[in-house]
Amino acid sequence: MTEPLLKVENLHTFFYSENGVARAVDGVSFAVGAGETVGIVGESGCGKSVTALSILRLVRPPGRIEQGSRLLFDGTDLLGLSEEQMRKIRGNRIAMVFQEPMTALNPVFTVGEQIAEVSRIHEGKSRKDAWARAVEMLTLVGIPSPEQRAKEYPHQLSGGMRQRIVIAMALVMNPALVIADEPTTALDVTIQAQILELLSEMQRRAGMSILMITHDLGVVAETCTRVIVMYGGEIVEESSVGDVFKAAHHPYTEGLLGAMPRVGGGQERLTTIPGTVPPPTAWPVGCRFHDRCPYAWDRCVNDHPPLYQIGAGHVSRCHLAEEPEYRNRPHPPLVEQVMGVGGVAQGGAPGERENVKDRSELT
Amino acid sequence: MTAEVWRRLWRQRRARVALGLLATIALAALLAPVIAPYDPIAQHDIIGLKSQAPSWSHPFGTDQYSRDVLSRLMYGARISLSVAVLAVFLSGTLALAWGAVAGYFGGRLDAVMMRIIDGLISIPRVLLLLGILGVWSEVTLPVLILLLGGTGWFGVSRMVRAEVLSVSRRDHVAAVRALGAGDWRILTGHVLPNALAPVLVAVALGVGSLIALEGGLSYLGVGVRPPHASWGNIIQDGSMNVTGLWWMSLFPGLAIAVTVLACNVVGEALRDAVDPRHLPGAHD
Amino acid sequence: MTAPHSVAHPRPLTPDPLLRVTDLRKYFPVGTGLFGRGGSSVKAVDGVSFDVLPGETLGLVGESGCGKSTTGRAILRLIEPTSGSVTFAGQSVLDLGSTALRQLRRQMQIIFQDPFSSLNPRMSVGAIVREGLTIHRLAEGAEADKRVKQLLQEVGLRPEYSNRYPHEFSGGQRQRIGIARALAVEPKFIVCDEPVSALDVSVQAQVVNLLQDLQRDRGLAYLFIAHDLSVVEHIADRVAVMYLGKVVELATREDLYREPLMPYTQALLSAVPVPNPAARRDRIVLTGDVPSPSNPPSGCVFHPRCHHPAKDEACARIVPPLEEKAPGHLVACIKQAPTTVTWEQQQAAGATRPPERYLPLAALHA
């Protein structure tokens with residue numbers, strides 16, 4: 001097998017504050033092959049966005065990528081590069097598409113200027129050539145009358161248009177890897193469909209790899225070949241997309257799938273995952289999901305599970321892999337036993353837990 | 001002011017120092033009748049003790065009428081501080097009422113009220129005060145406070161209005177309206193408490209600038225008038241001979257400078273405490 | 001231009017509706033000067049009519065800017081509507097004076113989307129929930145304390161939390177507090193304005209289940225506003241779809257998801273990503289963006305983006321009435337048969353293609 005394009009090994013990204021050390025990403029390893037689309041799913045606070053930022057080394061203090069982490073991109077360890085060398089990679093070999101296109105664009109420059117700037121930085125193109133390239137990119141991402149639009153400012157465009165601009169900026173240099181952090185979360189569903197379509201078309205043309213960060217399993221199902229489920233700063237399950245939807249192994253993945261209302265799914269009661277995501281300063285010992293898990297038994301309380309091999313290319317961080325009989329004995333999870341009230345155990349403790357879509361607190 | 005804001009304020013060293021200074025000055029003013037070494041108006045020996053440089057018996061010297069400058073400074077603080085605090089209290093109240101009504105009710109009322117503010121704000125305040133005070137020779141302290149307070153609230157009212165406008169649009173305000181609360185309850189119970197923070201900052205900064213303004217006016221002889229001592233008119237007393245009677249300008253000048261500075265520091269620290277996004281030292 | 005816009009009420013209903021909204025409009029002036037002259041207006045809500053029956057959930061879906069939230073707030077007069085009528089339990093809401101309106105508000109409540117701005121940061125949770133009790137003099141003193149604790153418990157929060165402040169809670173818990181605040185005055189009807197849109201999926205499920213339990217226990221009626229068609233399918237009895245300030249389709253949940261007839265609804269349904277990689281299917285991808293509500297397209301507001309095979313000139317000229325295509329299934333489209341806009345009328349407006357029943361597979365979810 002050939003070397004994957006990106007290999008993340010043992011990534012730890014911690015945030016240091018007076019409330020303690022937040023272990024936002026706590027030992028994450030995965031690979032993205034050339035031309036592949038890999039999804040990272042999880043709820044707010046699971047560490048997926050910090051993982052994305054870490055790969056580009058955009059984690060700002062008080063956050064820090066810890067010693068021992070490795071980010072092998074095309075054979076080089078990104079963590080060994082100088083900031084100068086890293087800048088040559090960002091926007092060039094690895095590009096990022098953010099959730100909120102309005103804040104990703106600079107309001108005081110026209111969109112044409114902003115796209116042109118990318119090729120001026122990385123290729124030293126002349127103003128005129130860079131402009132021509134910008135217009136070409138706008139055509140490519142399906143913006144009508146691109147010469148006109150290039151002269152407009154971000155606020156003059158709709159949300160969907162802006163996201164197309166952001167994608168155009170990301171693709172100027174034909175990057176090998178595009179990291180898309182919730183690229184459609186801020187968009188309406190019909191516009192989301194357009195943007196997902198656009199991304200996969202761009203991928204067909206340019207053959208880049210995509211790392212898709214999202215909370216929406218539907219988006220994963222429609223765009224990805226492989227999926228990584230994160231919880232508590234760790235990977236809890238990784239498999240092909242087909243396996244995860246057919247035969248999810250980890251109880252958290254199972255819970256996520258059950259909690260999702262689906263079109264055509266009628267009105268059967270949604271299963272919930274009781275409780276909330278614990279704070280990254282105090283991950284539970286043992287399995288990090290044990291207190292919310294309907295199958296947990298005494299082993300889960302103290303024994304932190306490794307990633308077990310479940311099948312070909314399918315791993316799960318759950319002791320059920322060794323003792324599957326416990327799956328037949330569901331019970332109210334620990335948080336509910338403690339509380340007696342559905343789903344609100346340990347609530348009200350400091351700050352945010354489960355969380356809203358605003359992820360700014362992590363950046 | 002919530003306990004949380006107070007805690008964040010107190011955590012800043014500069015705020016603790018400034019508050020300490022202000023407390024000392026205020027205490028000295030408050031206790032002046034007890035701790036002042038001399039009667040501030042008494043002319044002890046108009047011949048023998050006039051215009052004495054600082055000494056052990058008169059640490060800040062005496063003026064040309066042989067009055068003790070330290071005692072006058074302490075009594076002057078009572079006037080200067082209370083004029084400033086009361087005037088700022090007045091302008092803060094006016095600003096709050098005007099801005100709250102304009103911002104909360106909005107629409108044409110708001111437009112008219114804000115145009116009035118635009119008009120008032122275009123009049124240079126110092127010239128206006130000089131004009132009024134210069135013509136009006138019998139200005140008593142309450143009138144001075146009314147004049148200072150009544151001309152100092154225009155900018156703040158605009159700030160209050162902006163804040164009230166933005167708080168009024170929040171969903172928690174819509175929620176109490178939907179519960180059936182009346183305007184008065186909504187405005188006083190839900191809007192103003194959330195809009196108060198910038199007013200407090202403005203008040204802290206305002207006390208400083210009013211002390212400076214009163215000092216200036218009194219120095220020009222149109223502010224606090226004799227026999228009342230204020231920091232401004234003590235300086236004025238010595239102004240005929242600044243180099244010869246340097247202690248008469250230096251000490252009250254220092255008192256003004258320190259107080260104004262302390263007020264500004266408290267104001268800025270308060271701003272940071274209210275909104276931690278403000279970086280220390282960031283202005284406006 | 002030929003067919004008058006239908007303002008007649010959609011259909012006679014057997015039970016008396018709890019809420020009846022008729023031809024509701026809200027135009028926001030834009031670019032007006034000091035004296036309100038010389039501006040155009042944004043037609044945020046442009047002639048919306050529907051009923052909500054006691055104890056039922058009407059879903060109101062649409063994309064951002066379609067006017068769904070404005071509709072919800074205009075019904076409660078949190079925004080004053082420009083025209084139309086709203087009747088709640090026999091009372092004409094828009095004609096009430098301020099005192100009577102405040103009385104009526106006990107019966108009509110609202111839950112908001114944003115768990116941050118919807119709670120007063122300076123009030124304890126107990127004080128927030130108690131506010132309604134105090135305003136309507138429902139309880140005071142120890143009795144009020146007891147009620148607040150019961151309410152917190154009912155929405156799944158620990159009663160001891162009543163002394164804490166909103167910032168100490170997570171997004172889902174704050175939504176529960178907002179629900180308790182609304183329940184305090186014992187309403188019959190709640191406008192749920194995207195109450196789960198800002199929440200993570202597992203928490204969203206908790207809140208959806210809570211809303212359903214409360215409806216069952218208290219017989220509440222909901223107007224459930226959302227952009228997420230899957231949540232709406234899960235919770236609603238009937239669904240109204242809005243586009244550019246108008247209701248373009250209104251049907252029972254079963255009918256709407258089984259047989260969406262408005263081409264816009266079809267596109268909306270087909271755009272929902274399906275969490276099943278085996279079921280990847282064709283999709284109707286709409287071209288372009290939603291036009292600006294300050295200058296909506298003529299005729300059918302959806303015609304510039306429409307994919308109906310019989311779309312023609314007439315669609316740009318005739319404002320489609322919201323009319324019954326099947327029993328209880330209202331659709332605003334002159335090209336979906338049957339229609340009350342006759343073929344002669346359509347031809348007079350330049351039609352070249354007769355109406356036909358069009359239901360692409362891409363719009364259906366197995």
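The preceding data block contains the structure.
One structure accompanies this document, and this report is about it. (Residues numbered from 1 in each chain as written. Chains lettered and ligands numbered in written order. Predicted model: local features only at pLDDT ≥ 70, side-chain atom pairs only at ≥ 80, totals over all residues. Heavy atoms only, no water.)

Bringing the overall build of chain C into the picture now. Counting its secondary structure elements, chain C contains 11 helices and 12 strands. Overall, chain C is about 75 × 60 × 45 Å in size when its C-alpha atoms are taken along their principal axes. When burial is assessed residue by residue, chain C has 60% of its 366 residues classed as buried. The long-range fraction of contacts in chain C, counting pairs at least 24 apart against all pairs at least 6 apart in sequence, stands at 63%. Split by element, the accessible area of chain C, about 13,500 Å² in all, is 51% carbon and sulfur. (Helix = DSSP H or I, 4+ residues; strand = E, 2+ residues; numbered from the N terminus. Buried < 20%, exposed > 50% of the residue type's maximum accessible area, 1.4 Å probe, protein only. Contact = heavy atoms within 4.5 Å. Areas by Shrake-Rupley, 256 points an atom, 1.4 Å probe, with all protein chains shown as cover.)

We now examine the overall build of chain B. When you go through chain B residue by residue, the secondary structure sums to 13 helices and zero strands. In chain B, the succession of helices and strands from N to C terminus is α-α-α-α-α-α-α-α-α-α-α-α-α. Each principal axis of the C-alpha distribution contributes one length, and for chain B these read about 75 × 45 × 30 Å. Within chain B, buried positions represent 46% of all 284 residues. Approximately 13,400 Å² of chain B is accessible, and the part contributed by carbon and sulfur atoms is 69%.

Residues and elements named next belong to chain B. Viewed as axis vectors pointing N to C, helix α8 (residues 154–168) and helix α11 (residues 197–219) meet at an angle of 165 degrees, and their least axial separation amounts to 9 Å. Taken together, the axes of α8 and α11 are roughly antiparallel relative to one another. For the crossing formed where α8 meets α11, the hand is right-handed. Note on element contacts: α11 touches α8 through Pro198, Val199 and Ala202, opposite Val156, Met159, Val160 and Glu163. For the contact of α8 with α11, the class distribution of residues is six nonpolar, no polar and one charged. (Axes fitted to C-alpha atoms, helices over the stretch in contact; angles between N-to-C directions. Parallel < 35°, antiparallel > 145°, perpendicular 65-115°, else oblique. Left-handed = near helix turned anticlockwise from the far one by under 90°. Nonpolar A, V, L, I, M, F, W, Y, C, P; charged D, E, K, R; others polar.)

Residues and elements named next belong to chain A. Within the open sheet, the eight strands sit side by side as β7-β8-β9-β3-β10-β11-β13-β12. Their pairing is mixed. Each edge of the open sheet is held by one strand with a lone partner, namely β7 (94–97) and β12 (308–311). The mean angle between the axes of side-by-side strands here comes to 20 degrees, regardless of whether they run parallel or antiparallel. Sitting on the sheet, helix α7 (residues 159–171) touches β7 and β8 (177–181), and the angle it makes with β7 is about 175 degrees. (Pairing = 2+ DSSP bridges.)

Further remarks concern the interface of chain C and chain A. Contacts between the two partners involve 60 residues from chain C, matched on the other side by 60 residues from chain A. A buried area of about 4,800 Å², summed over both sides, lies between chain C and chain A, and 52% of it is on carbon and sulfur atoms. Sorting the residues of chain C by area buried against chain A places Asp200(C), His234(C) and Pro275(C) first, and these three jointly supply 14% of that buried surface. Counting every contact that joins chain C to chain A gives two salt bridges. For the salt bridge of Arg269(A) with Asp213(C), the shortest nitrogen-to-oxygen distance reads 2.9 Å. Linking chain C with chain A are 11 residue pairs in polar contact (both at pLDDT 80 or more), by the criterion used here. Every element with two or more residues in the side of chain C that touches chain A is listed here: α5 (171–183), α6 (201–218), α7 (229–235), α8 (253–258) and α9 (263–271) of chain C. Ranked by residues supplied to the side of chain C that touches chain A, first place goes to α6(C) with nine residues. Split by residue class, the side of chain C that touches chain A holds 28 nonpolar, 18 polar and 14 charged. (Buried area = accessible area lost by both parts, 1.4 Å probe. Salt bridge = Lys/Arg side-chain N within 4 Å of Asp/Glu carboxyl O. Polar contact = N/O pair within 3.5 Å; in protein donor to acceptor, adjacent residues only side chain to side chain.)

Attention now moves to the pairing of strand β1 (residues 19–30) of chain C. Residues and elements named next belong to chain C. In terms of strand pairing, β1 meets strand β2 (residues 40–52) through 10 bridges, oriented antiparallel. Paired with Pro29 across the bridge in β2 is Ser41. In this sheet, strand β4 (residues 83–88) lies alongside β1 in antiparallel orientation, the contact comprising five bridges. Its bridge partner lying in β4, Leu19 is registered against Phe88.

Okay, the pairing of strand β11 (residues 323–326) of chain C next. Residues and elements named next belong to chain C. Bridging between β11 and strand β12 (residues 329–331) involves three bridges; their strand directions are antiparallel. Each bridged residue has a counterpart across the sheet, and for Glu323 the counterpart in β12 is Val331. If you look at the hairpin formed by β11 and β12, you'll find two residues sitting between the two strands, and Gly328 has a positive phi there, around 70 degrees.

Right, let's get into the packing of aromatic side chains. Taken as a whole and assessed by the stated rule, the structure comprises 13 aromatic pairs over all chains. Judged by centre distance (6.2 Å) and plane angle (20 degrees), the ring pair of Trp6(B) and Trp10(B) falls under stacked. Taken together, the residues Trp6(B) and Trp10(B), both in helix α1 (residues 3–10) and four residues apart, mark about one turn of the helix. The exposure class assigned to Trp6(B) is partly exposed, which follows from its relative accessible area of 43%. Here the aromatic rings of Tyr243(C) and Tyr264(C) are separated by 4.4 Å at their centres, their planes lie at 50 degrees, and the arrangement is tilted. Of this pair, Tyr243(C) sits in strand β9 (residues 238–243) while Tyr264(C) sits in helix α9, and the two are 21 residues apart along the sequence. Here Tyr243(C) matches Tyr264(C) in class, with each residue buried. (Phe/Tyr/Trp six-rings, centres within 6.5 Å; stacked < 30°, edge-to-face > 60°.)

Moving on to the packing of helix α4 (residues 111–123) of chain A against helix α5 (residues 127–140) of chain A. Relative orientation and spacing of two packed helices are given, respectively, by the angle between their axes and the distance between those axes. Residue and element names in this part refer to chain A. α5 packs onto α4 with a crossing angle of 120 degrees between their chain directions and a minimal axis gap of 8 Å. Two packed elements cross with a definite hand, and for α4 against α5 that hand is right-handed. Within the contact between the two elements, α4 uses Gly112, Glu113, Ile115, Ala116, Ser119 and Arg120 and α5 uses Arg127, Ala130, Trp131, Arg133, Ala134, Met137 and Leu138. For the contact of α4 with α5, a count of residues per class yields seven nonpolar, two polar and four charged.

Take the state of the cysteines next. All names here are of chain C. Under the defined criterion, the tally for this structure stands at zero disulfides over all chains. Just so you know, Cys333 is unpaired, no disulfide at all, and the nearest cysteine sulfur is the one on Cys306, 6.1 Å from it. What makes Cys333 buried here is its relative accessible area of 9%. (Disulfide = S-S within 2.5 Å.)

As a further point, take α5(A). Residues and elements named next belong to chain A. The terminal C-alpha atoms of α5, which comprises 14 residues, lie 20 Å apart, in line with the 20 Å expected from a rise of 1.5 Å per residue. Among all positions of α5, only Ala130, Arg133, Ala134, Val135, Met137 and Leu138 are buried. Contact partners of the buried residues in α5: α4, α6 (146–150) and α7. Of the residues flanking the end of α5, it is Gly142, one or two places downstream, whose phi is positive at about 80 degrees. (Expected span 1.5 Å × (residues − 1).)

Here the focus is the nonpolar core. Residues and elements named next belong to chain C. Val129, Ile179 and Tyr264 are the most contacted members of the largest nonpolar core, which totals 143 residues. Residues contacting Val129, with those up to four places away along its chain left out, are Val148, Leu151, Leu152, Ile177, Ala180, Arg181 and Ala184. Membership of the second largest hydrophobic core comes to 39 residues, among which are Val52, Ile75, Leu223 and Leu322. (Core = buried A, V, L, I, M, F, W, Y, C linked by side-chain atoms within 4.5 Å.)

Right, let's talk about the sheet that holds strand β6 (residues 108–111) of chain C for a bit. All names here are of chain C. Reading across the sheet, the eight strands line up as β6-β7-β8-β3-β9-β10-β12-β11 and stay open at both edges, with mixed pairing between neighbours. Each edge of the sheet is formed by a strand with only one pairing partner; in this case those strands are β6 and β11. Averaged over neighbouring strand pairs, the angle between their axes works out to 25 degrees when direction is ignored. In this structure, β6 lies alongside strand β7 (residues 189–193), joined through four bridges in parallel fashion. Directly across from Met108, in β7, lies its bridge partner Phe189. In the packing of α6 onto the sheet, contacts are made with β3 (57–61), β6 and β8 (221–226), and the angle to β8 comes to roughly 160 degrees. In this fold α9 packs onto β9 and β10 (246–252), with an angle of close to 100 degrees to the strand it touches most, β9.

Moving on: the pattern of salt bridges. Residues and elements named next belong to chain A. In the structure shown here, the tally under the stated rule is 49 salt bridges over all chains. For Glu234, the salt bridge identified is with Arg317, shortest N-O distance 3.7 Å. Residue Glu234 is located in strand β11 (residues 234–240), and its partner Arg317 is located in the loop between β13 (314–316) and α13 (334–339); the two are separated by 83 residues in the primary sequence.

The next thing to look at is empty space enclosed by the protein. Rolled over the atoms, a probe sized like a water molecule indicates the empty space that remains. Per the stated rule, a full pass over the model turns up nine cavities of 30 Å³ or more. Size it by volume and the second largest cavity reaches roughly 90 Å³. Its residues assigned to classes, the lining of the second largest cavity comprises eight nonpolar, two polar and two charged. (1 Å grid on protein atoms, 1.4 Å probe; cavity = no way out; pocket = protein on both sides within 12 Å on 5 of 7 lines; lining within 4 Å. Points joined across faces, edges and corners; volume = space filled by probe spheres on them.)

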